[in-house]
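Each chain is listed here by its residues.
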Amino acid sequence: MPRKKQEADEAKEQAKAAAGMMKAEQRDAKALEEALPEAMEIVTSAEEMLDSVVTAASPLSVDFADPNSEPSQVAIKDTEAAVAKALEAIKLARAKLNKNVSEAKGFAPEAKRVALTEYSTLQEKLNETQKKLAPYARIRKDQEQKQEAKKVTAEVADRKSVV
């Protein structure tokens, strides 16, 4: 008889633990449901900043654009400003995601798995955005190098025509 009572007590304890775990899963799933849209929004915002960088740099993509012209200089300045804004947006998004990941590590197992998967995907998007942004961060230097290359090419062409 005592053995059956002990088994019944153990079953009650297991049921209590399962109910507690279920409650924790629901609580953490709700927390994720509330936090995820904001995290997605800040990542989307950072991605949109990249679009503004590309737009600002578009006048510089024309091969015959004079790097010293007023429109080229304005485009370089606009691009540099857009890059700075995009980098700040990425920095803020990364900080928010890191905070969310830290919080998610304390979630119940299933909610934790889902949260870490979602946040990992968002972090990958940020990394991709930052990689795409990198060439624009050095736009002034690239334009100066293009100008120097054109100058050298013209000098070589002049020397060939003299010979």
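Just so we're clear, the structure is a prediction, and the values are computed from it rather than from any experiment.

**Some details on the nonpolar core**
If you look at the biggest cluster of nonpolar residues, it comprises 24 residues, and the most contacted ones within it are Leu97, Tyr119, Leu122, Leu126 and Leu133. When residues of this core are traced back to their parent elements, those giving at least two are α1 (2-57), α2 (70-104) and α3 (109-137). The biggest single contributor to this core is α2, with nine residues. Those residues in contact with Tyr119 that lie beyond four places of it in its chain are Leu32, Ala35, Leu36, Ala39, Leu97, Asn100, Val101 and Ala104.

**Some details on α3**
Given a rise of 1.5 Å per residue, 29 residues ought to cover 42 Å, and the 41 Å separating the end C-alpha atoms of α3 matches this to within 8%. If you check which residues of α3 are buried, you get Ala111, Ala115, Tyr119, Leu122, Leu126, Thr129 and Leu133.

**Examining the packing of α2 against α3**
The interhelical angle for the contact between α2 and α3, taken along N-to-C directions, is 165 degrees, at an axis separation of 10 Å. Here α2 is positioned roughly antiparallel relative to α3, judged by the angle of their axes. Handedness of the crossing formed by α2 with α3: left-handed. Residue composition of the contact of α2 with α3, grouped by class: 16 nonpolar, seven polar and two charged.

**A closer look at the environment of Leu122**
Position of Leu122 relative to the elements: it lies in helix α3. Classification of Leu122 as buried rests on a relative accessible area of 6%. Those residues in contact with Leu122, other than ones at most four positions away along the chain, are Leu36, Ala39, Met40, Val43 and Leu97.

**With respect to the pattern of salt bridges**
For the structure on display, the rule yields seven salt bridges. When the shortest N-O distance is used, the salt bridge between Arg27 and Asp28 registers 3.1 Å. Here Asp28 falls in the buried class, since its relative accessible area comes to 5%. For Lys30, the salt bridge is made with Glu34, and the minimal N-O distance between the two is 3.8 Å. Remark: Glu34 and Lys30 occur in helix α1; sequence separation between them is four residues, near one turn of the helix. Note on accessibility: Lys30 and Glu34 belong to one class, exposed.

**Details of the environment of Glu110**
Inspection of the secondary structure assignment puts Glu110 in helix α3. Residues Glu110 and Gln143 lie 33 residues apart in sequence; the distance between their C-alpha atoms is 51 Å. A polar side-chain atom of Glu110 sits 2.5 Å from a polar atom in the side chain of Arg113.

**Describing the confidence of the model for the protein chain**
Overall, the prediction assigns the protein chain a mean pLDDT of 86, with 92% of residues at 70 or greater. Model confidence for the protein chain, summarised as mean pLDDT per element, is weakest for helix α4 (residues 139-162) at 78 and strongest for α3 at 94.

**Comments concerning the side chain of Thr79**
Its place among the elements puts Thr79 in helix α2. Here Ala75 takes part through its backbone oxygen, which lies 2.6 Å from a polar atom of the side chain of Thr79. If sequence neighbours within four positions are ignored, Thr79 has contacts with Val53, Ala56, Ala57, Leu60, Tyr136 and Ile139.

Conventions used here
Residues numbered from 1 in each chain as written. Predicted model: local features only at pLDDT ≥ 70, side-chain atom pairs only at ≥ 80, totals over all residues. Heavy atoms only, no water. Core = buried A, V, L, I, M, F, W, Y, C linked by side-chain atoms within 4.5 Å. Buried < 20%, exposed > 50% of the residue type's maximum accessible area, 1.4 Å probe, protein only. Helix = DSSP H or I, 4+ residues; strand = E, 2+ residues; numbered from the N terminus. Contact = heavy atoms within 4.5 Å. Expected span 1.5 Å × (residues − 1). Axes fitted to C-alpha atoms, helices over the stretch in contact; angles between N-to-C directions. Parallel < 35°, antiparallel > 145°, perpendicular 65-115°, else oblique. Left-handed = near helix turned anticlockwise from the far one by under 90°. Nonpolar A, V, L, I, M, F, W, Y, C, P; charged D, E, K, R; others polar. Salt bridge = Lys/Arg side-chain N within 4 Å of Asp/Glu carboxyl O. Polar contact = N/O pair within 3.5 Å; in protein donor to acceptor, adjacent residues only side chain to side chain. pLDDT = per-residue confidence, 0-100.

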